[in-house]
Each structure stands twice: as structure tokens, then as C-alpha cells.
Amino acid sequence: MKPARSKTPARKPICRSKSSNMISKDPVQVYCRLRPMHSPTDVSCMKVTSDKTVVITPPESAANFRTITNKEIQTTFSHVFTPDATQREIFKTVALPLVENLIHGRNGLLFTYGVTGSGKTYTMTGEPQDAGIMPRCLNIIFNTIANYQTKKFVFKPDKLNGFDVQSEADAMLDRQHELHTDFSQRTGRLGKHRKVDSDGDSNPAVVPECNESQSITVDPDNAYAVFITYVQIYNNGVYDLLDEDDIRTKTLQSKFVREDGNKNMYVHAVTEVEVKSAEEAFELFQRGQRKRRVAHTALNAESSRSHSVFTIRLVQAPLDCEGEHVMQDKRIVCVSQLSLVDLAGSERTNRTKNTGQRLREAGNINNSLMTLRSCLEILRENQNQGTNKMIPYRDSKLTHLFKNYFDGEGQVRMIVCVNPRADDYDEMIQVMKFAEMTQEVQIARSNPVKLDLGFTPGRRQANKIFKEARTKLEKEGRPEAADLEIDLGLVYSLGGPFPQLEATLDNDQIIHSIIQFLKQRIHKRNILEADLQKKQEDFRRTLMVMIQENENLKVEVASLKATNTQQKKKILALEGHLCKTETQIDNLLCKLNSANETIRSLQQEVKDRDLALNQRLIDKQRVKQRYNTKMQVETDKMNRELEIKLRQQRERLQNQMKEKDDKLRLVKQIIDDNGIINVIPSKEQDPELTTRVISPNRDARISRKDRIPVANPRYRRSQSADRWIDHRPQALVPIGTILQPLMQRRRSVTRLTSPKKITDGASRYCLVAQEHDTDGELETKLYKGDILPTSGGGAQVVFNDMECLKQSSPKARKRAGSREEGNIDQVDISTETKRSRMTPS
């Protein structure tokens with residue numbers, strides 16, 4: 001369905017002109033906040049008697065103490081906050097009603113006023129751990145409009161204190177341009193080695209902690225946007241604290257205060273930034289705060305040298321009849337603003353000791369505050385006495401900028417911050433008088449005319465639900481849902497009641513307002529009548545179509561009833577058959593389940609047995625492999641040992657053979673073929689004997705030519721009469737422990753000097769010789785023979801026996817034996833005797 005009304009009727013702009021819709025007046029509400037004492041030794045000159053009354057007692061140090069007749073001065077306020085009052089309590093009492101008026105389209109103005117060092121800036125801004133009025137206002141505003149904010153640049157300032165409404169396409173182009181500009185600026189800053197701004201502080205702003213989760217009821221069918229401006233009034237000049245050009249040039253340019261088309265005052269060409277969160281807004285505030293004029297004085301280490309004005313502007317406009325887009329009509333845009341003013345403290349030169357630039361600043365501050373006081377005094381006089389004196393708003397930029405508020409364009413509130421020390425009595429009493437006078441000023445209350453466009457309330461939520469339903473239908477595979485359109489229609493109401501106005505004959509403005517109101521009602525009635533006529537015709541056509549469809553449906557229902565009866569009979573029969581089948585199926589399922597259980601148990605048993613068998617085979621294979629490996633190792637080891645042993649035996653046998661060969665060669669040198677040694681004295685009568693070996697094949701008798709005496713080889717003596725000659729020709733190793741042949745009767749000699757030593761009662765001869773064998777072992781050889789006397793008086797020795805006595809170390813044998821492995825027997829022989837008989841052939 002198409003919307004009932006595609007075009008919006010022409011509307012006149014909403015103007016807050018002077019004296020429009022004035023129904024009552026409210027006094028300026030003034031609140032008093034007492035600062036805690038700096039030191040316990042400080043003396044207080046103030047006493048809080050109730051939540052609205054403060055009693056001031058002049059100290060003796062006061063300038064005109066002796067001339068004061070009344071020693072106690074009582075001052076009444078809208079509310080008095082004691083030194084232990086919290087920031088949250090002050091916000092809820094003073095600023096929360098102003099925020100509610102801002103949401104509902106009304107303006108608000110809040111001053112903090114007092115002597116320097118009395119806590120004005122702390123009340124307005126707070127600390128990182130305890131937020132003041134301004135951060136809490138931002139938090140409440142964004143909590144309220146969080147779900148109803150427009151995208152950026154839908155509302156765009158027109159540079160004349162108004163706003164234009166852009167289409168979504170234009171707003172997207174502006175957003176892309178902003179992203180490109182931010183990226184270029186960021187790249188430029190990186191190229192300049194990340195230079196900080198003019199005050200040298202590049203750290204991000206720290207948002208004060210404020211747990212303000214409260215929200216205010218708003219119209220959900222409106223779209224909202226928040227804009228921020230921040231200016232300071234310094235030496236009677238207005239300066240923009242958010243101007244980026246001023247940051248680059250490091251100079252602040254003074255701005256002009258002008259009047260827009262609706263007679264509202266504003267700062268021309270001021271930087272107005274759209275923000276989407278409280279953090280973003282407070283970051284802008286901190287950026288401007290770093291450029292604000294602050295200096296050190298004798299009374300305050302960080303004294304504000306200018307008046308700061310932080311303005312929050314809330315722009316709202318209704319959504320179209322479908323509840324989706326903002327109405328593209330500048331005349332129906334409602335703009336409300338809340339100005340938070342932190343006034344510089346009033347000072348006395350004799351206490352601050354200011355000179356030069358600080359003295360000039362203090363003079364301008366005091367002049368602007370005096371102008372504010374003069375304006376309020378004249379305004380009060382005009383209201384009380386009915387005079388029409390001209391109010392000097394233009395004498396100061398501060399009063400000129402807020403002229404509309406005092407003329408009835410918003411609610412005005414003031415917080416008087418007081419330091420109750422007796423030393424500040426002279427400045428404080430002037431502040432109290434100004435506060436008391438301000439409460440007598442009446443500000444006209446205004447109710448802006450809000451046009452009723454006749455749209456259906458709740459259209460934003462209805463449009464959201466409709467879109468969700470259409471998306472769900474499209475996901476379910478119903479493409480026709482994409483062609484559905486929402487038609488919320490009109491609200492059949494001629495608007496609110498008549499405004500309560502005091503009609504007089506000489507008040508043309510009131511008559512004009514009534515005429516405008518009646519014209520709007522007449523136009524609204526015409527729209528509603530046309531819409532009603534159209535809907536009646538649509539309803540009549542729809543009703544005829546429904547009647548025709550009803551007749552067709554009746555015929556169709558009758559045929560469907562007959563078919564339904566037949567189908568019921570078939571269904572009953574099938575239900576009976578189905579019950580029997582289900583019973584059989586249940587029985588079969590029970591059997592199947594039991595069979596499956598049996599199969600599973602058998603399979604598990606088979607699996608367990610297979611696992612056991614596999615494990616046994618694996619163990620057996622492992623044992624076999626380990627045994628084969630061990631056998632292979634042992635076999636290789638035994639083979640190596642056998643080879644080593646065989647090689648050692650071969651070498652030993654070869655050594656023995658070589659040893660025997662050496663012995664045989666040695667024997668051949670001293671033994672002839674018959675094995676006979678002749679001992680004959682030499683011609684020179686040498687004491688040594690000459691030994692001669694005679695071959696056994698030769699005749700024992702020797703010819704005279706050879707001059708050798710003849711011996712009888714058959715010469716024998718009785719064995720019982722044998723005496724031995726033990727010939728040891730060289731130093732021998734003692735062999736007393738070696739097994740030796742038994743020689744009962746012997747005579748040991750080392751040298752044979754004459755034949756008598758041999759023949760003198762001796763019949764047997766034994767020659768002892770020692771040497772080392774090839775293994776390095778000591779070997780003792782005994783050459784034995786018979787002594788045969790010769791005819792020439794000499795003697796012959798016939799060797800017939802040789803013994804070899806060999807001594808070896810048992811430990812060496814054990815070491816050698818330890819290297820021999822296998823089944824070879826170990827033999828440990830301490831003494832080995834070898835005997836070879838040499839018998840003449």
C-alpha cells in the first residue's frame with residue numbers, strides 16, 4: 001500500500017520572537033555553594049541556618065567593621081549547598097531541570113559566579129575522579145538520545161545560527177570529505193615528527209568519571225543531533241577556542257556577536273562541531289580549555305582570566321510518515337541550546353597585587369561583571385516600577401551575547417560559589433548582594449509552538465518492526481515480500497488545546513498567534529477530511545471484493561466438506577491398520593535391539609580375544625627378535641674370540657717352533673753327531689778347558705796326529721757312587737723354587753781351570769744355562785752328561801740328557817686367559833719341565 005500522503009504541507013518557520021506565547025514569569029534561581037576551608041586554622045564568617053538561608057557575620061578585619069550597624073547579614077537562596085555537598089547532588093538540583101528543558105526544546109543558561117578561588121571551575125568541570133556539571137550534562141544528553149541520533153552531517157549549520165537538513169547522499173559525501181581531510185592532516189602531523197599543538201600537550205583528554213545512567217523521556221519519532229561551541233570572552237573580546245586555524249597560526253581572532261533572523265544573539269563564524277558521544281564532546285572541551293587564558297595570582301594559582309561559554313545545541317526534527325528519513329524541511333527543525341558559563345572571579349587589586357597585563361585583565365573582568373549587574377538592576381527596576389529604561393546589554397560582550405535569555409528566551413540559573421573565610425569577607429559581601437538582587441529579576445517563561453504534522457506516533461518503531469518482518473519473509477523464500485510497503489496513515493486529531501493567552505485589544509501579536517493557530521487547525525481538518533473520504537472509498541471497494549470472495553469460498557467450503565467426510569473414513573481405516581503395524585514394528589524393534597546387543601557383546605569378546613592374541617604374538621615376536629639379536633651378537637663375539645684364539649695359538653706354536661729351531665741351532669753348535677765333549681788341557685796350560693764335540697759316528701779313538709787322548713765310551717761307574725759337577729759358568733737367577741732333578745752329591749763350580757776339577761771323584765756333569773724365550777719368560781736349560789776319563793789324563797763329557805726349566809708368572813697367564821673366551825680350559829702352570837733325551841746313535 002502507498003502512503004496516504006506523499007507530500008508534506010507547507011509550514012511556517014518556528015520563531016522564538018520576543019514576547020511570543022508569554023504565559024508566566026519565573027525569577028532567576030540563584031544557588032549558593034560553600035567551599036570547604038583550606039586549613040583548620042582558617043576562621044569562617046558564614047553559617048548555614050537552613051537549606052535556603054545563610055547568615056554572614058562580619059569579622060573585625062572587615063574594611064567598615066565599625067560602621068556596620070547590623071552585625072549579622074542574612075541571605076536567602078533557592079538552595080544552599082554545604083561544603084560536604086557532592087557534585088552529583090548539585091547537578092541533580094541545579095542542572096538536571098535545564099537538561100530536561102533542552103531535550104523538550106527550551107533554552108537554558110547557567111552561570112557560576114564568585115570571587116577568584118571560590119571553586120567556580122571545579123563546580124562546572126570537576127576533576128577526573130569526580131565530574132562536574134558539564135560532563136554530567138553531556139552524559140545525560142547522550143544517554144537519552146543514544147538510539148535516536150542521526151548520522152553525521154544530516155543536520156548542517158548554515159553559518160547564520162540555523163541548520164539545514166541534507167539528504168542521505170549529501171551527508172555521505174560530507175562524511176567522506178571529512179575522512180579524507182582528517183587523513184591528510186594526520187599524515188601531515190606525522191611528517192612533522194608528531195609535533196604537539198600550541199600549548200605543548202599531545203596527550204588525549206581524560207573524561208571525568210560520572211555514573212549518570214539516568215535518561216529523559218524523548219519523542220522517539222524525532223531525529224536528534226548535538227553540536228558544541230566553546231568561546232571565551234577575554235578583555236571584552238569573543239574568541240573561538242575550537243578554531244583549528246587559530247591553532248596553526250597560534251593567534252586568536254576576535255569574533256562578532258550578531259543577531260539572526262529570529263532575533264537571537266550568536267557568535268558569528270564560530271566553530272560548531274557535531275559530536276556523537278560524551279567522550280568526543282569532552283575531548284573538544286579539553287582542547288579548548290588548553291587555549292583558555294589562565295594565570296597565576298596571589299589568590300589563585302590557576303586563576304581564569306576570561307569568561308568561558310560552553311554551549312550545547314540540540315537539533316531535532318521529525319521523521320517522515322514512514323518513520324525512516326528526516327523531514328527535508330528547514331522550517332520544522334527545532335533548535336534548543338544550553339549555555340554553561342564559567343565567569344572569571346571578581347578581584348581587588350590591593351589583594352591580588354596585579355600589575356601590567358594582569359591588572360588590565362582584572363579591570364576588564366570587573367567591568368564585564370559590573371555591566372551584568374547593571375543590566376540586571378535596570379531589568380529589575382523596569383519590572384518592579386513599570387519603567388522602560390534602556391538596558392545596556394551592548395556595553396559588554398557577556399551581556400550582549402545572553403540578551404535573549406533575559407528577554408524571555410530561556411530559563412536562567414546561577415550558582416554563587418563562596419569561600420567562607422573571614423579574609424574574603426569584603427569581596428564575598430558584594431557577591432552576596434549581587435546574588436540577592438539577581439533573585440528579584442523575573443524572566444518570562446516561553447513555550448515554543450510545536451507544529452503537529454499529523455503523523456502516526458510510534459512510526460519509527462513500526463517501521464523497524466515492518467523491516468524486520470519483511471527481511472524475515474525474504475529469508476524464508478518469499479520474494480513478493482520485497483514489494484510490500486508500509487502505510488501508517490494520519491492521526492485524526494486537530495492538535496492540542498487553545499493556548500492560554502490574555503487577549504487584549506492592543507496586543508496584535510497575541511491576535512496574530514491565534515489566527516495562525518486557527519489556520520493550522522483548518523488546514524489540518526481539510527487534510528483529515530480528504531484522507532477520510534479516500535479511505536472510505538478504498539474500504540468500500542475492498543468490502544465488495546471481500547463479499548464476492550466470500551460467496552466463492554462458501555461453494556468451495558461445501559465441496560471440501562464432502563471430500564473431508566470421505567477422507568475421514570479412509571483415515572479411520574488407515575489408523576486401525578497403522579495401530580497393528582506399529583505393534584508389529586515395536587515387537588520387531590525389541591528383537592532387533594536384543595540381537596544387536598548380542599552382536600555387540602560377541603564383537604566385543606572377539607575384539608578382546610584378537611587383542612590378546614595379537615599381544616601374545618607381538619610379545620613372542622619381540623622375544624624371538626631379542627633372542628635372535630642376542631644370538632647373533634654372541635655368535636659374532638664367539639667367532640671373533642675363536643679367531644683371536646686360533647691366531648694366538650698359531651702365533652704361539654710358531655714361536656715354539658722358532659724357539660725349538662733356535663735351540664737346535666744352538667745345540668748343533670756345541671754338540672757333534674755323537675754328542676761327545678772333550679775336555680783337554682791346552683798346550684799353553686790355559687786354566688780354561690777346551691771343549692770338543694765328537695760325532696758319534698766317528699771312532700772314539702783319535703789318531704796321534706790330532707794329539708787327542710782316547711776315551712772308552714763304555715766306561716761306567718756305579719750309580720751309587722755318582723758325583724755331579726754342577727757347572728754354572730755365569731751369574732744365574734736363583735732357581736731354588738724351580739723343580740730340579742735330584743743331584744744328591746754334587747759340586748758346584750763356576751770355572752773349569754784344570755781336568756782335575758772334572759775327574760776328581762766325579763762321574764756326572766751338568767751345565768746350567770739361562771736365557772729368555774720369545775715371550776720374554778726366563779728359561780733355564782740343564783745339559784747333563786757322563787764324564788769319561790781319557791788315556792792322556794784328561795776327560796771327556798758325553799751329553800745324554802737335556803732338561804728345560806721354564807718359569808712363568810701365574811698372573812700373566814690369568815690376564816692372557818681373561819682374554820680367551822669360550823669353552824677353552826685355562827691352565828695355570830707355575831713350573832714347566834721339558835726333557836729331551838740325547839742318545840748316541
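Just so we're clear, the structure is a prediction, and the values are computed from it rather than from any experiment.

Take the packing of aromatic side chains next. This model, assessed by the stated rule, comprises eleven aromatic pairs. Residues Phe 285 and Phe 310 carry aromatic rings whose centres are separated by 5.5 Å and whose planes lie at 90 degrees to one another, so their mutual orientation is edge-to-face. Residue Phe 285 is found in helix H6 (residues 278–289), and its partner Phe 310 is found in strand S20 (residues 307–318); the two are separated by 25 residues along the sequence. Neither Phe 285 nor Phe 310 differs from the other in exposure class; each is buried. Ring geometry for Tyr 765 and Phe 799: centres 6.0 Å apart, planes at 75 degrees, overall edge-to-face. Of the two residues, Tyr 765 is situated in strand S28 (residues 764–772) and Phe 799 in strand S30 (residues 795–807); the sequence distance between them amounts to 34 residues. For Tyr 765, a relative accessible area of 6% puts it in the buried group.

Our next topic: the sheet that holds strand S3 (residues 46–48). Sheet architecture is open: three strands sit in the order S3-S4-S5, paired in antiparallel fashion. Each edge of the open sheet carries a strand with a single partner, namely S3 and strand S5 (73–76). Geometrically, the sheet is characterised by an average inter-axis angle of 25 degrees between neighbouring strands, direction not taken into account. Here strand S4 (residues 53–56) runs beside S5; their pairing, made up of four bridges, is antiparallel. Directly across from Val 54, in S5, lies its bridge partner Thr 75. Of the strands in this sheet, S3, S4 and S5 are in contact with helix H11 (residues 425–438), which crosses S4 at around 145 degrees.

For Lys 159, which is not a glycine, the phi torsion comes out positive at approximately 65 degrees. Here Lys 159 is to be found in the loop between strand S10 (155–157) and strand S11 (163–165). Of note in the backbone geometry, Lys 263 takes a positive phi value of approximately 65 degrees without being a glycine. Among the secondary structure elements, Lys 263 is positioned in the loop between strand S15 (257–259) and strand S16 (265–267).

Burial within strand S21 (residues 334–342) is extensive, with nine of its nine residues counted as buried. Taking every second residue as pointing to the same face, both faces of S21 are buried, with Cys 334, Ser 336, Leu 338, Leu 340 and Asp 342 on one and Val 335, Gln 337, Ser 339 and Val 341 on the other. In this structure, strand S7 (residues 108–114) lies alongside S21, joined through five bridges in parallel fashion. Bridge pairing links Leu 110 to Leu 340 in S21. Bridge analysis of S20 against S21 gives nine bridges, and the strand direction is antiparallel. In the sheet register, Ser 308 faces S21, and the bridge partner there is Asp 342.

Another aspect to go through is the pairing of S20. Taken across its twelve residues, S20 has twelve buried, putting it largely inside the fold. Side chains His 307, Val 309, Thr 311, Arg 313, Val 315 and Ala 317 of S20 all project onto a buried face; the interleaved residues Ser 308, Phe 310, Ile 312, Leu 314, Gln 316 and Pro 318 project onto the opposite face, where all are buried too.

A few words now on a nonpolar patch on the surface. Where nonpolar side chains cluster on the molecular surface, the patch consists of Phe 539, Leu 543, Met 544 and Ile 547 and spans about 420 Å² of accessible area. Position of Phe 539 relative to the elements: it lies in helix H13 (residues 508–670).

Now for the packing of helix H3 (residues 133–144) against H6. Contact geometry of H3 with H6 gives a least axis separation of 9 Å together with a crossing angle of 150 degrees. Overall, the two elements H3 and H6 adopt an arrangement that is roughly antiparallel. Pair H3 / H6 crosses with right-handed handedness. Counting all contacts with H3, which are made through Met 134, Pro 135, Leu 138, Asn 139 and Phe 142, the residues of H6 involved are Ala 278, Ala 281, Phe 282 and Phe 285. For the contact of H3 with H6, the residue count by class is eight nonpolar, one polar and no charged.

Parameters at a glance
- Residues numbered from 1 in each chain as written.
- Predicted model: local features only at pLDDT ≥ 70, side-chain atom pairs only at ≥ 80, totals over all residues.
- Heavy atoms only, no water.
- Phe/Tyr/Trp six-rings, centres within 6.5 Å; stacked < 30°, edge-to-face > 60°.
- Helix = DSSP H or I, 4+ residues; strand = E, 2+ residues; numbered from the N terminus.
- Buried < 20%, exposed > 50% of the residue type's maximum accessible area, 1.4 Å probe, protein only.
- Pairing = 2+ DSSP bridges.
- Axes fitted to C-alpha atoms, helices over the stretch in contact; angles between N-to-C directions.
- Contact = heavy atoms within 4.5 Å.
- Patch = residues over 30% accessible without salt bridge, like charges linked within 9 Å, V, L, I, M, F, W, Y side chains within 5 Å.
- Areas by Shrake-Rupley, 256 points an atom, 1.4 Å probe, with all protein chains shown as cover.
- Salt bridge = Lys/Arg side-chain N within 4 Å of Asp/Glu carboxyl O.
- Parallel < 35°, antiparallel > 145°, perpendicular 65-115°, else oblique.
- Left-handed = near helix turned anticlockwise from the far one by under 90°.
- Nonpolar A, V, L, I, M, F, W, Y, C, P; charged D, E, K, R; others polar.

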